[in-house]
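Listed here are the chains, written in short residue letters.
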Amino acid sequence: MSQSPPLQGLRVLEFAGLAPGPFAGLLCADFGASVLRIDRAHPSAHNDSPDLPPPTGDQLTRRKASICVNTKTPAGVALIKSIINTVDIVIDPFRPGVLEKMGLGPEDVLMRLNPRLIVARMTGFRRDGKYKDMAGHDINYIAVSGVLSMLGRAHEKPYPPGNIVGDFAGGGSVCFLGIVLALLHRERSGHGQVVEANMVDGSAFMATMPRLATKFPVWGGERGTNQLDGGCPYYDTYETKDGGFMAVGALEPQFYAALLKGLEIDVKSIGDRTDRTTWPKQAELYTAKFESKTRAEWEKIFDGTDACCTPVLTQRELEKTGFDQRPIVTLKSAPSLAMHEADAEKRPVVEGQGIGVEGSGWEAKGLSPSDGGEEVLSIWMGWQKGRHYELKDGGLEFVERGSRPKL
């Protein structure tokens with residue numbers, strides 16, 4: 001029988017932000033933590049009407065709740081301070097200095113209220129770097145980290161891979177790793193700490209292998225001419241007769257032999273496959289071959305083989321065929337909470353535990369400001385509206401009872 005998720009019982013206060021901060025909070029929620037998002041005041045929030053404000057643009061809201069707070073008023077800031085003593089983790093997604101301007105500096109305010117608190121700060125640029133006071137997005141962070149320069153085809157401009165490398169791999173995932181490391185340290189020391197994550201360092205670290213490989217032939221050439229960046233014909237994608245695509249990764253000799261067998265290409269017609277002067281000819285051969293059959297026909301040929309040749313499946317295809325979205329990692333004794341909607345008692349551990357979420361990881365309804373937040377305040381703090389806090393101008397504020405935290 002599985003145990004509770006590993007972060008069960010932990011409380012996370014997440015300031016509303018863009019992708020990487022909410023993603024770190026989502027990982028906390030998926031592994032059992034109670035996550036409460038702090039949204040800006042909204043005129044329709046926290047009223048007695050069943051109609052909530054429209055959901056924000058944040059889609060990374062699985063299992064989270066929200067409260068709206070007037071962070072520009074002393075009473076609103078006091079409400080946050082009053083919660084801090086019962087919180088384990090605060091996620092700060094803001095540019096440097098924003099939390100301090102609120103009067104919620106991590107070390108001089110928050111951690112004085114709660115020495116066991118972990119404050120995870122997620123920025124784009126380094127806090128001490130040349131660009132620290134500038135605005136930016138994923139493309140800018142991976143640009144100055146050196147990663148963007150490595151992505152793209154030969155003789156073409158660098159190509160940004162969506163916002164996966166900076167926001168999610170080098171950002172939110174790294175921030176979550178920092179939170180887990182800080183939790184481990186707190187177990188030993190009893191003290192919290194500030195975790196500083198940024199997408200420049202995070203994405204640069206994700207590129208450790210290719211960066212080191214630039215000193216060797218495997219990645220020593222210009223962008224798009226190397227073994228793993230689209231330069232090598234047996235590590236590339238090819239269009240099929242019906243407009244689909246196949247992905248080829250036949251690097252090792254035995255896998256390469258299986259690829260040629262499936263393609264019905266005589267190895268003697270190619271020569272030394274590692275000789276880069278043969279790569280253009282190889283690419284022409286593979287292109288023509290893959291265009292001669294549909295993707296389904298190639299799947300039938302390569303499925304079950306060691307040719308390292310697979311279809312490029314789209315998100316829509318996977319959703320339509322019922323592909324089950326699973327946790328980022330499987331802990332067999334203490335799995336995360338489930339995403340896929342299925343019978344909780346019969347679900348394999350790799351799918352997580354408990355009841356899945358609406359949409360099964362394929363869509364998110366978003367989170368309306370103030371949705372579920374007052375219930376969380378009741379559970380965490382035992383608070384009641386009108387007695388411990390009040391609604392003013394669309395945001396919650398602390399009710400002065402002679403015990404307002406002061407710092």
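Per chain, residues are indexed from 1 in the order of the written sequence. Reporting of local features is limited, given that this is a predicted model, to residues whose pLDDT is at least 70; pairs of side-chain atoms are given and counted only at 80 or more, and all residues count toward the totals for whole chains, interfaces and linings. No hydrogens and no water enter the side-chain calculation; it runs on all heavy atoms of the structure.

The name that an unreviewed UniProt entry assigns to the chain is Alpha-methylacyl-CoA racemase, with the source organism given as Extremus antarcticus. UniProt positions are given in the numbering used here, feature names are shortened, and annotations may be inferred rather than shown by experiment. The Sequence similarities (unreviewed entry) comment attached to the chain in UniProt states, word for word, "Belongs to the CoA-transferase III family."

*Asks:* Could you clarify how one ought to interpret the packing of aromatic side chains in this entry?
*Replies:* Between 30 and 60 degrees the pair is tilted, below 30 it is stacked and above 60 it is edge-to-face, where a pair is any two Phe, Tyr or Trp rings, Trp via its six-membered ring, whose centres lie within 6.5 Å. Enumeration over the complete set of coordinates arrives at 13 aromatic pairs. Considering the side-chain rings of Tyr234 and Tyr256, the 5.3 Å spacing of their centres and the 65 degrees angle between planes classify their relative orientation as edge-to-face. Pair noted here: Tyr234 is in the loop between α8 (208-213) and β7 (235-239) and Tyr256 is in helix α9 (residues 253-263), with a separation of 22 residues, a long-range link. Each of the two residues, Tyr234 as well as Tyr256, counts as buried. The interplanar angle of 25 degrees and the centroid separation of 5.9 Å between the aromatic rings of Trp298 and Phe302 together place this pair among those described as stacked. Separated by 4 residues within a single helix, Trp298 and Phe302 lie in helix α11 (residues 295-302), roughly one turn from each other. Each member of the pair, Trp298 as well as Phe302, carries the same accessibility label: buried. Of the aromatic side chains, those joined through ring pairs into one cluster are Tyr238, Tyr286, Phe290, Trp298 and Phe302. Only lysine NZ and arginine CZ atoms are considered, and such an atom sits over a ring when it is within 6 Å of the ring centre and within 35 degrees of the ring normal. It is Arg273 that lies over the ring of Tyr234; its NZ or CZ is 4.9 Å from the centre. Secondary structure elements follow DSSP: runs of H or I no shorter than four residues count as helices, runs of E no shorter than two count as strands, and numbering proceeds from the N terminus. The rule is simple: take the accessible area with a 1.4 Å probe, protein chains only, and divide by the maximum for that residue type; under 20% is buried, over 50% is exposed, in between is partly exposed.

*Asks:* Which parts of the structure should I look at to understand the layout of surface pockets?
*Replies:* One water molecule sets the probe size; rolling that probe over the atoms shows where empty space is left. In the cavity and pocket records, a cavity denotes points on a 1 Å grid over the protein atoms alone where a 1.4 Å probe fits but cannot get out, a pocket denotes an open set with protein on both sides within 12 Å along at least 5 of 7 lines, and lining residues are residues with an atom within 4 Å of a point. Grid points are joined across faces, edges and corners, and a volume is the space filled by probe spheres set on the points. Reported here for the largest pocket is a volume of approximately 1100 Å³. When contributions to the lining of the largest pocket are tallied by element, the ones reaching two or more residues are α1 (20-30), β2 (34-40), β5 (118-123) and α5 (138-144). With 4 residues, β2 is the largest single contributor of residues to the lining of the largest pocket. By residue class, the composition of the lining of the largest pocket is 21 nonpolar, 13 polar and 10 charged. As a volume, the second largest pocket reaches approximately 790 Å³. Leu26, Gln59, Arg62, Gly361 and Ala364 are, among the 29 residues lining the second largest pocket, the residues nearest its centre. When contributions to the lining of the second largest pocket are tallied by element, the ones reaching two or more residues are α1 and β3 (64-69). Considering every element that reaches the lining of the second largest pocket, the biggest residue donor is α1, with 4 residues. Broken down by class, the residue content of the lining of the second largest pocket amounts to 13 nonpolar, 7 polar and 9 charged. In the scheme used here, Gly and all other residues not listed as nonpolar or charged are polar, with Ala, Val, Leu, Ile, Met, Phe, Trp, Tyr, Cys and Pro taken as nonpolar and Asp, Glu, Lys and Arg as charged.

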